[in-house]
Amino acid sequence: MADWIWAAVAGLVAGGALVVGAAIAWAVEVPTKVVASVMAFGAGVLISALAYDLVLEAQEEGGFWPTVGGFAVGAVVYVAANNLLDRLDQRNPRGKGESAGTGIGIALGALLDGIPESAVLGLSMVGGTGVSVPVLLAIVISNVPEGLSSTASLKQEGRSARYVFVLWIGIALASAIAALLGFVLLDGASGATTAFITALAAGAILAMICDTMIPEAFRTAHALTGLLVTSGFLLSYAVHSAG
């Protein structure tokens, strides 16, 4: 199978985790503490993956300054876009115990979180190295609780199953497209360009973890949050070391 197809499949798997979380939330009522615990664990997995599989790889590929520049730009762009959603009242800030926001706001928020994640899956395949398993694992683990918590809110608001699953399947398809573009557009790009884009995605992901995942997890899991984040980090580190 061609590499570009594998890139799209990897993005679809990552985005499909949102659909899995939605299906679980629609079928059963998952305790909020369980959702928060998985979210905290997923945050730790993502932190480790972006540190060892994105930032270090970017520096090896293109050097220090493209990596630092991309990381900073990614964080700033994510925070600015996230704040814009909040100002437009499309998605309430995570960690405040409020409704997740409108359906469109939830979709925009999930896209904002998912596009950089999926793009790096495609980027990880540039050069014929194959998809980064630690990054894919991290994204899947983090996306399941996002699908869970957001779908629970939509269900409480009386949204239909059709509405909910069309929403999440659309986002999963968008994730596949983002991964495909990450591979196709940067295949053959210079090391500095690849490093900048990889680090940009890493910066956006770290900002997302700090702005959304950890505050939401701490709101429910409280004292266990630090331990769960650490456990996720260690698991991802072990997967990276084994690879």
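Remember, predicted model here, so these are calculated numbers, not experimental data.

Draft legend 1. Local environment of the overall build of the chain. A count of helical and extended segments in the chain gives 8 helices and 0 strands. For the chain, the sequential pattern of α-helices and β-strands runs α-α-α-α-α-α-α-α. The globule rule puts the C-alpha radius of gyration for 243 residues at 18 Å, and the 17 Å found for the chain is close to it. Along the first, second and third principal axes, the C-alpha atoms of the chain reach 50 × 35 × 35 Å. A buried classification covers 46% of the 243 residues belonging to the chain. Of the contacts formed within the chain by residues at least 6 apart in sequence, a portion of 82% connects residues at least 24 apart. Carbon and sulfur atoms make up 69% of the accessible area of the chain, which amounts to about 10,900 Å² in all. Of the side-chain charges in the chain, 9 are positive and 16 negative, and the distance between the mean point of each set is 14 Å.

Draft legend 2. How the structure looks around the pattern of salt bridges. Taken as a whole, this structure holds 1 salt bridge when the rule is applied. With a closest N to O distance of 3.2 Å, Arg-219 and Glu-216 form a salt bridge. With Arg-219 and Glu-216 both in helix H7 (residues 191-221), this residue pair falls 3 residues apart, about one helical turn.

Draft legend 3. Spatial organisation of the nonpolar core. In this structure, Leu-46 and Ile-209 are the most contacted members of the largest nonpolar core, which totals 30 residues. Those elements giving two or more residues to this core turn out to be helix H1 (3-27), helix H2 (32-62), helix H4 (103-123), helix H5 (133-156) and H7. Examining the composition of this core, we find that 9 residues originate from one element, H7, more than from any other. Excluding residues within four positions of it along the chain, Leu-46 makes contact with Glu-117, Ala-138, Ile-139, Ser-142, Ile-205, Met-208, Ile-209 and Met-213. Counting 11 residues, the second-largest nonpolar core is a separate cluster that includes Leu-18, Ala-22, Leu-154 and Ile-171.

Draft legend 4. Region of interest: the packing of aromatic side chains. Considering all chains together, one arrives at 4 aromatic pairs under this definition. When the centroid spacing of 4.9 Å and the interplanar angle of 80° are considered together, the rings of Phe-64 and Trp-65 count as edge-to-face. In this structure Phe-64 comes out as partly exposed when scored by relative accessible area, which is 46%. By the ring-pair criterion, three or more aromatic residues cluster together here, those being Tyr-52, Phe-233 and Tyr-237. The lysine or arginine in question, Lys-155, covers the ring of Trp-26, its NZ or CZ lying 5.4 Å from the ring centre. The positively charged end of Arg-159 is found above the aromatic ring belonging to Tyr-163, 4.5 Å away from the centroid.

Draft legend 5. Region of the structure containing the environment of Leu-227. In this structure, Leu-227 sits in helix H8 (residues 224-242). For Leu-227 and Val-164, which are 63 residues apart along the polypeptide, the C-alpha to C-alpha distance reads 33 Å.

Basis of the calculations
- Residues numbered from 1 in each chain as written.
- Predicted model: local features only at pLDDT ≥ 70, side-chain atom pairs only at ≥ 80, totals over all residues.
- Heavy atoms only, no water.
- Helix = DSSP H or I, 4+ residues; strand = E, 2+ residues; numbered from the N terminus.
- Rg over C-alpha atoms; globule rule 2.2 N^0.38 Å.
- Buried < 20%, exposed > 50% of the residue type's maximum accessible area, 1.4 Å probe, protein only.
- Contact = heavy atoms within 4.5 Å.
- Areas by Shrake-Rupley, 256 points an atom, 1.4 Å probe, with all protein chains shown as cover.
- Lys, Arg positive; Asp, Glu negative; His and termini not counted.
- Charge placed at Lys NZ, Arg CZ, Asp CG, Glu CD.
- Salt bridge = Lys/Arg side-chain N within 4 Å of Asp/Glu carboxyl O.
- Core = buried A, V, L, I, M, F, W, Y, C linked by side-chain atoms within 4.5 Å.
- Phe/Tyr/Trp six-rings, centres within 6.5 Å; stacked < 30°, edge-to-face > 60°.
- Lys NZ or Arg CZ within 6 Å of the ring centre and 35° of its normal.

Nothing here speaks to function; it is geometry throughout.
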